[in-house]
Amino acid sequence: MNYDLLEIAKTCTLIPRWSDDCCYEMRALGVHDPERDPQRKFARTVVGYYDNPESMAKDAAQLSGRAEGVYLIPNPISRDLLCRSKNKISYRVKNSAEDKDVLRRYWLLVDADPVKKVGVSATDEENSSAIERVIEIRKELQNNGGKGFILCSSGNGAHLLIPMGATGTANNETEKLRCERVLRGLSKKYSDKNIIIGKEVFNASRLIRFYGTNACKGSDCPEEGRPHRISMILEVDSNYRRMGISKLLTNEFIKDNSQADILIKVRFEERKFIDYLSRLGFEKTKEKDVLIRKAAQFNSASPIRGKVLVVDDDKSNRFIISKHLEGTFEDGIVIAENGQQALELFR
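Residues numbered from 1 in each chain as written. Predicted model: local features only at pLDDT ≥ 70, side-chain atom pairs only at ≥ 80, totals over all residues. Heavy atoms only, no water.

1. Focus: the pattern of salt bridges
So, step 1. Enumeration over the complete set of coordinates arrives at 11 salt bridges.
So, step 2. For the salt bridge of Lys 58 with Glu 54, the shortest nitrogen-to-oxygen distance reads 3.5 Å. Of this pair, Lys 58 and Glu 54 both sit in helix α2 (residues 53-63), 4 residues apart, which is roughly one turn of that helix.
So, step 3. With its nearest N and O atoms 2.7 Å apart, the salt bridge here joins Glu 235 to Arg 138. (Salt bridge = Lys/Arg side-chain N within 4 Å of Asp/Glu carboxyl O. Helix = DSSP H or I, 4+ residues; strand = E, 2+ residues; numbered from the N terminus.)

2. Some remarks on the pairing of strand β2 (residues 44-50)
So, step 1. Summarising burial for β2: 5 of the 7 residues are buried, a large majority.
So, step 2. Sheet analysis places strand β1 (residues 22-31) next to β2, joined by 6 bridges and oriented antiparallel. Its bridge partner lying in β2, Ala 28 is registered against Val 46.
So, step 3. Pairing of β2 with strand β5 (residues 89-90) involves 2 bridges; the strand directions are antiparallel. Residue pairing for β5: Gly 48 is matched across the bridge by Ile 89. (Buried < 20%, exposed > 50% of the residue type's maximum accessible area, 1.4 Å probe, protein only. Pairing = 2+ DSSP bridges.)

3. Observations regarding the state of the cysteines
So, step 1. Inspection of the entire model under this criterion finds 0 disulfides.
So, step 2. Take Cys 23: it sits in no disulfide, and the sulfur closest to it among the cysteines is that of Cys 22, at 6.8 Å.
So, step 3. Cys 23 sits in the buried class, given a relative accessible area of 0%.
So, step 4. In this model Cys 83 remains outside any disulfide bridge; the closest cysteine sulfur is found in Cys 23, 8.7 Å from its own.
So, step 5. Taking relative accessible area as the criterion, Cys 83 reaches 72% and is therefore assigned exposed. (Disulfide = S-S within 2.5 Å.)

4. Concerning the sheet that holds strand β7 (residues 107-114)
Two orientations exist for strands paired in a sheet by backbone hydrogen bonds: parallel and antiparallel.
So, step 1. Taken in spatial order, the 5 strands make up an open sheet running β11-β7-β9-β8-β15, and their pairing is antiparallel. A single partner strand is all that each edge strand has here, and the edge strands are β11 (195-197) and β15 (232-236). The average undirected angle you get between the axes of adjacent strands in this sheet is 20°.
So, step 2. Bridge count between β7 and β11: 3 bridges; the pairing is antiparallel. Of the residues in β11, the one forming a bridge with Pro 114 is Ile 195.
So, step 3. Against the sheet, helix α4 (residues 173-190) contacts β7 and β11, and its axis sits at roughly 25° relative to β7. (Axes fitted to C-alpha atoms, helices over the stretch in contact; angles between N-to-C directions. Contact = heavy atoms within 4.5 Å.)

5. Examining the nonpolar core
So, step 1. One finds Ile 15, Ile 150 and Phe 210 to be the most contacted residues of the largest nonpolar core, which totals 56 residues.
So, step 2. Counting residues in hydrophobic clusters, the runner-up holds 11 residues, among them Tyr 49, Ile 77, Leu 81 and Ala 204. (Core = buried A, V, L, I, M, F, W, Y, C linked by side-chain atoms within 4.5 Å.)

6. So, the side chain of Asp 59
So, step 1. Secondary-structure assignment places Asp 59 in helix α2.
So, step 2. In terms of polar contacts, Asp 59 uses its side chain to reach the side chain of Tyr 50, at 2.6 Å.
So, step 3. For Asp 59, the contacting residues outside a window of four places in its chain are Met 26, Tyr 50, Asn 87, Lys 88 and Ile 89. (Polar contact = N/O pair within 3.5 Å; in protein donor to acceptor, adjacent residues only side chain to side chain.)

7. Some remarks on the pairing of strand β3 (residues 69-72)
So, step 1. Neither face of β3 is exposed, since Gly 69 and Tyr 71 on one face and Val 70 and Leu 72 on the opposite face are all buried.
So, step 2. In this sheet, β3 lies alongside β1 in antiparallel orientation, the contact comprising 4 bridges. Within β3, the residue paired with Arg 27 across the bridge is Tyr 71.

8. Quick notes on α4
So, step 1. The end-to-end C-alpha separation of α4 is 26 Å, in line with the 26 Å expected for 18 residues at 1.5 Å each.
So, step 2. In the core, the buried residues of α4 are packed alongside β6 (104-105), β7, α3 (124-143), β10 (169-170) and β11.
So, step 3. Of the residues flanking the start of α4, the one acting as N-cap is Asn 172, its side-chain oxygen 3.2 Å from the backbone nitrogen of Thr 174. (Expected span 1.5 Å × (residues − 1).)

Everything listed here is a matter of coordinates, which is why it stays silent on function.
Structure representation (structure tokens):
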């Protein structure tokens, strides 16, 4: 599967501020039109405008894997643009949203990219390094009173979404300059020969990855250590509250996708652990219901007795899961790269 439905649902509910006076743009780059280009000779950019999160989620899933990348403008734009292609993607829209079309700023993107050759996917090590760097930035911002951050993997790097207050800020030149100064300061402090913090991503209509979709930069080369990856939302600050993701999806949308079963019972404060149960292959069982009820323990101030073993052959996955479980168990975390190593640790 070229997408993660749970991550797409989280993107549609955590990031947009849906209201009757705005819409959101989704854009996919490098897409082939199956009707006009059946031989896949020409790649195009497709655009859709949405006031319906369910329609957006469906189209994001359909585009994932067919496009080089699927993106979202996280800030609300003028509802007039909805008439360009209402709640559907179009191969014929000639214009996309501009900064002047953004109604308010709700998010500022911090973008960490590993230094590598152009046009290729990142290695596991490069991807993990970018995530680690963004975690450092988040810690500094939190120590200075910041809150409500969303930490994401773009598939080839890392994103930190900084909220611009509960009601956002105006989209004007003053706020643009303020955002530019923030990013230039972070870039100067945290960029080095291995990781670049983007300082040019301060504009109001800046695209972010549509998390849950596949990042398809270059060829998919896992044998070369540069695979395509599904982007994802890694961590949401505990003080961040929005509508539950189960409110997004109707039974019609999820009936053919077993991943979505978990959406029905999960509350936001339990999601830190449950998301990983879903990705690690837990099916719909009574045992999972017990885990759901107990999952809130992972957000408890008191560590759980014992230790936990994390096993995964993907370095990025090991890093992400370990970060989620950090401080949860009294005796810490044990990490294994494969099943054989895990068995040896038990001896």
